Amino acid sequence: MERMRPARHEGRALGITFLLLLCVVGIFVFQYFSKQTDSPGKESGQASVDLRELRSWNAPEVKRRVDGGEKIVFIDLRSSESYSLEHIYASTWFPLEKLSGFTPLSGEVYVLVVDPGISSTDLVNIHKTLKEKTDSFAFLQGGIDAWRTIGEEVISFGEPNSYIDQSKVTFVSSEKAKEDTQKNLNLFFLDVQEASDFASGHIPGAINVPLAEIEKKRSSLPLGKTFIVY
């Protein structure tokens with residue numbers, strides 16, 4: 001009988017070890033499924049806004065609203081490089097990462113211009129951010145390409161080596177410009193230098209609007225006039 005005791009102790013030890021292993025495995029399995037259960041909740045939190053809920057207007061619809069007198073303001077949320085290369089006439093560039101600081105004005109309706117390849121997550125974040133501030137906004141379907149396609153104005157950087165862009169510019173000699181201004185009272189010189197350079201020297205009677213500000217200050221230019229730009 002004494003010889004059987006070590007076997008009993010050994011069996012008991014193995015049983016305890018087996019139970020401990022089961023507990024450890026159970027803990028790992030519980031943690032694993034807990035994470036799997038939590039993950040969908042986080043994803044659903046991020047995608048709590050259905051993409052179909054995002055208001056978007058096609059280009060003809062936006063034009064109809066502009067022509068109808070709505071105070072449409074284009075907000076360009078693309079990169080500064082994309083905006084500099086080409087943007088919708090009179091649109092305002094706003095850095096996407098600072099959108100939380102955007103302050104809407106009463107009566108304005110904002111049409112958002114975004115990159116064609118923007119992610120769904122970014123679209124939802126933009127929607128959420130602006131929704132907290134105003135309901136008067138919509139995405140422009142097709143972006144700047146769609147606006148250009150219907151023949152509306154866009155401002156582009158231009159390509160000096162492009163024959164098409166070259167054909168848009170008329171050059172005159174200084175002698176011809178002087179002669180024309182003396183004959184035509186509706187002809188003015190528009191100086192696009194920086195204000196400091198303009199102060200250092202300019203053609204008498206020239207109007208100074210720095211090139212970087214000419215789009216924003218277009219309303220300050222007299223209507224019905226012809227300009228010689230330098």
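Residues numbered from 1 in each chain as written. Predicted model: local features only at pLDDT ≥ 70, side-chain atom pairs only at ≥ 80, totals over all residues. Heavy atoms only, no water.

**Examining the nonpolar core**
Alright, step 1. Ranked by size, the top nonpolar core spans 15 residues in total, and within it I75, L77, L112 and I126 carry the most contacts.
Alright, step 2. Going through the elements one at a time, β2 (72-76), β5 (109-113), α4 (120-131) and β6 (137-140) are the ones with two or more residues in this core.
Alright, step 3. Filtering out sequence-adjacent residues up to four positions away, I75 remains in contact with T92, F94, F102, Y110, V111, L112 and V113.
Alright, step 4. Grouped together as the second largest cluster of nonpolar side chains are 14 residues, I72, I88, V109 and V111 included. (Core = buried A, V, L, I, M, F, W, Y, C linked by side-chain atoms within 4.5 Å. Buried < 20%, exposed > 50% of the residue type's maximum accessible area, 1.4 Å probe, protein only. Helix = DSSP H or I, 4+ residues; strand = E, 2+ residues; numbered from the N terminus. Contact = heavy atoms within 4.5 Å.)

**Notes on unusual backbone geometry**
A negative phi angle characterises most non-glycine residues, just as the trans form characterises most peptide bonds.
Alright, step 1. Backbone geometry at A90 places phi at a positive 70°, although glycine is not the residue there.
Alright, step 2. Inspection of the secondary structure assignment puts A90 in the loop between β3 (86-88) and β4 (92-93).

**Section: the sheet that holds β2**
Alright, step 1. Spatial ordering of the open sheet is given by β1-β6-β5-β2-β4, a layout of five strands whose pairing is parallel. Each edge of the open sheet carries a strand with a single partner, namely β1 (56-57) and β4.
Alright, step 2. Both β5 and β6 contribute to a ladder of three bridges, which runs parallel. Looking at β6, one finds that V111 is bridged to A138. (Pairing = 2+ DSSP bridges.)

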